[in-house]
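Now for the letters of each chain:
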Amino acid sequence: QGARTCTGRLVNAIHIFSHSGPHGVFGSASGGAVGLYRDGVSVAQRAGGARTVADFPLAPLAQEVIVVLHGCNTANGDDSFARALFQRLSSSLSNPRVFAHPNGGCCGRDNSWREFSTRAPTGRAVRSIVPHYSGDGCCSS
């Protein structure tokens, strides 16, 4: 909502860099309890700031918003966080896309993605997501 207010335009791209897993992107405090999750947030976690994809605001987003999840494993499994986020976005937006990694590795890589879109609502493997992101890795050899 802050980006929409600041720019005066609908948000058309979101990049999230975070430690993550198939059930969400982890927050920094309390062992990650304050992040954004597929489901299963307790009352105590919610009081600390944790949210689920159902809480993801849709009003500030463009109909064709692109969300890129740069953390590990957010597209791992049939009920992944990335898929749940796509389902949330597509409940109101006409052409959202979510890109996420189905495996572990460095956040700067552009070599293993899964795309969730209206053409591939259950996800499809894609190697690169240029022009939405281009990275050659952030790991030291």
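So, the packing of aromatic side chains
Line of reasoning, step 1. Under the criterion given, the structure shown has 1 aromatic pair.
Line of reasoning, step 2. Here the aromatic rings of Phe26 and Tyr37 are separated by 6.4 Å at their centres, their planes lie at 25 degrees, and the arrangement is stacked. One end of the pair, Phe26, is in the loop between strand S3 (24-25) and strand S4 (36-37); the other, Tyr37, is in strand S4, and 11 residues separate them in sequence.
Line of reasoning, step 3. Phe26 gets classed as partly exposed once you look at its relative accessible area, which sits at 27%.

A word on the pattern of salt bridges
Line of reasoning, step 1. Across all of its chains, the model carries 4 salt bridges by this definition.
Line of reasoning, step 2. Among the salt bridges present, the one from Asp55 reaches Arg46, with a minimum N-O distance of 2.9 Å.
Line of reasoning, step 3. Relative accessible area serves as the criterion here: at 33%, Asp55 is assigned to the partly exposed category.
Line of reasoning, step 4. With its nearest N and O atoms 3.8 Å apart, the salt bridge here joins Glu115 to Arg97. Here Glu115 is found in strand S8 (residues 113-116), whereas its partner Arg97 is found in strand S7 (residues 97-100), with 18 residues between them in sequence.
Line of reasoning, step 5. On the accessibility criterion, Glu115 (5% relative accessible area) is buried.
Line of reasoning, step 6. Overall, the relative accessible area of 26% leaves Arg97 in the partly exposed class.
Line of reasoning, step 7. By sharing partners, the salt bridges in this structure join Arg97, Glu115 and Arg124 into a single network.

Reading the values: the criteria
- Residues numbered from 1 in each chain as written.
- Predicted model: local features only at pLDDT ≥ 70, side-chain atom pairs only at ≥ 80, totals over all residues.
- Heavy atoms only, no water.
- Phe/Tyr/Trp six-rings, centres within 6.5 Å; stacked < 30°, edge-to-face > 60°.
- Helix = DSSP H or I, 4+ residues; strand = E, 2+ residues; numbered from the N terminus.
- Buried < 20%, exposed > 50% of the residue type's maximum accessible area, 1.4 Å probe, protein only.
- Salt bridge = Lys/Arg side-chain N within 4 Å of Asp/Glu carboxyl O.

Limitation: the analysis is restricted to geometry and does not speak to function.
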